[in-house]
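One letter stands for each residue in the lines below.
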Amino acid sequence: MNDRLEETKDFLQELSDPLYRYISRISPTGLDWIFHIIVKIILLCLIFLVLDFIYKVMINSIFRFFRNKEKYPIINSIYESRITNSIAHLFALVVIGSIHESIFAGALRNTTIFINRSVNLAMVMIFAGMLYRGLTAFRNYFVIKQDFYKIMALNAVSETVKILGIFIFSVVGICVIFGIKGTTIVGSLGAITAVLVLVFRDTILGFVTGIHLATSKNLKVGDWVSIPKYNLEGNIAEINLLTTRINNFDKTFSTIPTYDLMTTEIKNLQVISETNARRIKKAIYFNINSFKFLTDEDIERLKNINLISDYLDRKSIELREQKAHMEHKEEIINGQQLTNIGVFRYYAQKYIEGIPELDKDGPLIVRQLNITPQGLPLEIYSFTNDTEWVRFESIQADIFDHLLVASKEFGLEVMQVKV
């Protein structure tokens with residue numbers, strides 16, 4: 001290998017000597033080294049492009065033999081991230097760094113320093129590209145494995161590494177170009193550390209949030225979430241270092257600061273679709289002035305309703321037995337009595353228990369909430385066994401359509417603004 005490299009150097013020197021003498025002859029006095037540098041860079045770039053193309057073909061052709069993602073996830077991740085191209089760039093640049101002194105050897109004292117620094121700067125850029133493509137390879141690997149929590153952690157880490165990488169490679173690049181020590185630049189940054197912390201505050205918080213989400217596994221890309229603070233509900237489309245994108249159900253999208261995922265109340269509704277159960281929690285407000293005790297006539301009339309006929313028969317017997325030896329039993333307020341709101345609540349309970357679309361393993365509750373200026377809320381609390389949005393809304397609407405109309409049979413008045 002070394003012998004071939006030496007032969008290549010000798011060959012290039014033999015070819016470049018006539019060109020060197022020709023450029024020296026036609027160049028203005030004192031400026032010939034500039035023309036030497038220009039021509040030398042052009043020649044080196046052409047050689048680099050040829051070698052780079054050859055190395056790319058060779059390396060990529062090897063990786064193409066391992067196309068099965070399930071068997072070779074690591075190799076496919078590397079290939080898809082184009083790290084192989086960076087490796088080809090590196091090999092080609094190493095060759096350029098070894099042979100550039102053989103071109104225009106007579107002008108070494110004027111051109112070598114510039115070419116050396118250019119090659120070193122290109123080396124820094126290639127290593128920076130390899131770092132970024134390496135992070136992409138890690139992401140591709142976890143995508144293939146469908147490990148979304150690790151993808152979130154990697155997003156936070158990779159964005160931070162990219163920012164630090166830009167800073168580090170910028171410092172190294174400046175050192176290479178101007179030939180100064182890195183400690184000189186780094187030492188001068190110590191005075192502005194506090195400013196850097198303030199500038200990168202969101203970056204640091206986003207990094208911490210990404211690690212927290214990955215370890216706690218509370219959220220991931222694709223989850224259906226609700227954020228009351230921003231009045232948002234939709235699916236998480238992307239979690240980056242600084243911002244999180246949420247696709248809303250109205251075909252729009254919203255972005256929020258990533259650190260809000262750790263400091264703000266977020267309802268993860270993904271469990272609804274995963275467990276095939278979605279909650280109904282909705283109330284009807286009744287006018288308290290429409291509440292009353294049921295008379296015997298009212299009870300007899302309501303016994304025609306099948307869902308509560310047995311209940312009314314049983315309660316009527318209990319009430320008669322209780323009042324048999326009671327003084328002033330003719331007064332309806334004495335002793336226990338049935339009310340229209342209470343009987344309707346029992347009717348609503350039996351009604352929802354008979355709906356096949358509701359989950360019988362979950363709670364099926366009809367309950368009274370605290371009285372409000374708008375009336376008494378009677379809430380239905382249950383879960384459907386179908387989480388498809390349109391179907392869920394249809395089931396919920398059918399329940400309340402029925403109960404709103406049925407309440408009239410019990411003499412109840414639903415609260416609304418009267419015009």
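Up top you'll find the structure we're talking about.
What counts and what doesn't
Residues numbered from 1 in each chain as written. Predicted model: local features only at pLDDT ≥ 70, side-chain atom pairs only at ≥ 80, totals over all residues. Heavy atoms only, no water. Helix = DSSP H or I, 4+ residues; strand = E, 2+ residues; numbered from the N terminus. Buried < 20%, exposed > 50% of the residue type's maximum accessible area, 1.4 Å probe, protein only. Areas by Shrake-Rupley, 256 points an atom, 1.4 Å probe, with all protein chains shown as cover. Pairing = 2+ DSSP bridges. Phe/Tyr/Trp six-rings, centres within 6.5 Å; stacked < 30°, edge-to-face > 60°. Lys NZ or Arg CZ within 6 Å of the ring centre and 35° of its normal. Axes fitted to C-alpha atoms, helices over the stretch in contact; angles between N-to-C directions. Parallel < 35°, antiparallel > 145°, perpendicular 65-115°, else oblique. Left-handed = near helix turned anticlockwise from the far one by under 90°. Contact = heavy atoms within 4.5 Å. Nonpolar A, V, L, I, M, F, W, Y, C, P; charged D, E, K, R; others polar. Expected span 1.5 Å × (residues − 1). Arc of directions from axis to C-beta. Salt bridge = Lys/Arg side-chain N within 4 Å of Asp/Glu carboxyl O.

Caption draft 1: Structural view of the overall build of the protein chain. A tally of regular secondary structure across the protein chain gives 15 helices and eight strands. Put simply, the protein chain has 419 residues, and 36% of those count as buried. Within the structure as shown, the protein chain displays about 25,200 Å² of accessible surface, and the carbon and sulfur contribution to it stands at 59%.

Caption draft 2: Up close: the pairing of strand β4 (residues 253–257). In β4, alternate side chains face the same way, and those of S254 and I256 are buried while those of F253, T255 and P257 on the opposite face are not. Two strands pair when backbone bridges link them, and strand β3 (residues 243–248) and β4 are joined in this way by five bridges, in the antiparallel orientation. Each bridged residue has a counterpart across the sheet, and for R245 the counterpart in β4 is T255. A loop of four residues connects β3 with β4, the two strands running antiparallel in sequence, and K251 in this loop sits at a positive phi of about 70 degrees.

Caption draft 3: The packing of aromatic side chains, seen in detail. Considering all chains together, one arrives at eight aromatic pairs under this definition. Ring geometry for Y311 and Y346: centres 3.8 Å apart, planes at 15 degrees, overall stacked. Of this pair, Y311 sits in helix α13 (residues 306–323) while Y346 sits in helix α14 (residues 340–353), and the two are 35 residues apart along the sequence. Y311 sits in the buried class, given a relative accessible area of 14%. Look at Y381 and F383: their rings are 5.9 Å apart centre to centre, the planes differ by 85 degrees, and that puts the pair in the edge-to-face class. In this structure F383 comes out as partly exposed when scored by relative accessible area, which is 21%. Following the ring pairs from residue to residue traces out a cluster consisting of F286, F344, Y347, Y351 and F410. Here R245 stacks its cationic end above the ring of F253, 3.9 Å away from the centre of that ring. One cation-aromatic arrangement involves R278 over F392; the distance from NZ or CZ to the ring centre is 4.3 Å.

Caption draft 4: How the structure looks around the packing of α13 against α14. Viewed as axis vectors pointing N to C, α13 and α14 meet at an angle of 135 degrees, and their least axial separation amounts to 9 Å. It follows that α13 is oblique to α14 by the angle criterion. Between α13 and α14 the crossing geometry is right-handed. Two secondary-structure elements touch here, α13 through L307, I308, Y311, L312 and R314 and α14 through V343, Y346, Y347, K350 and Y351. Here the residues of the contact of α13 with α14 sort into eight nonpolar, no polar and two charged.

Caption draft 5: Representation of the sheet that holds β4. Read from one edge to the other, the open sheet built from five strands follows the order β4-β3-β2-β1-β5, with strand pairing classed as antiparallel. Looking at strand neighbours, the two that pair on one side only are β4 and β5 (267–268), the edges of this open sheet. Sheet topology note: the strand β1 (residues 224–227)/strand β2 (residues 232–239) ladder contains four bridges and is antiparallel. By the bridge assignment, V225 is partnered in β2 with G234.

Caption draft 6: Here's a closer look at helix α15 (residues 389–406). Between the first and last C-alpha of α15 there are 26 Å, a value that for 18 residues agrees with the 26 Å anticipated at 1.5 Å per step. Those residues of α15 that sit buried are F392, I395, Q396, I399, F400, L403 and A406. In a view along the axis of α15, the buried residues occupy a sector of 130 degrees, so they form one face of it. For α15, the exposed residues set more than 90 degrees away from the buried face come down to V390 and V405. Its buried side turned inward, α15 meets β6 (278–286), α14 and β8 (376–384).

Caption draft 7: Quick look at the pattern of salt bridges. Applying the stated criterion to the full structure yields nine salt bridges. Where K303 meets D313, a salt bridge forms, and the shortest distance between an N and an O atom there is 3.1 Å. Residue K303 is found in the loop between α12 (296–302) and α13, and its partner D313 is found in helix α13; the two are separated by ten residues along the sequence. For E353, the salt bridge goes to K350, with nearest N and O atoms at 3.8 Å. Pair noted here: E353 and K350 are both in helix α14, with a separation of three residues, about one helical turn. Overall, K350 belongs to the partly exposed group, its relative accessible area being 31%.

Such coordinate-based values are descriptive only and should not be taken to indicate function.
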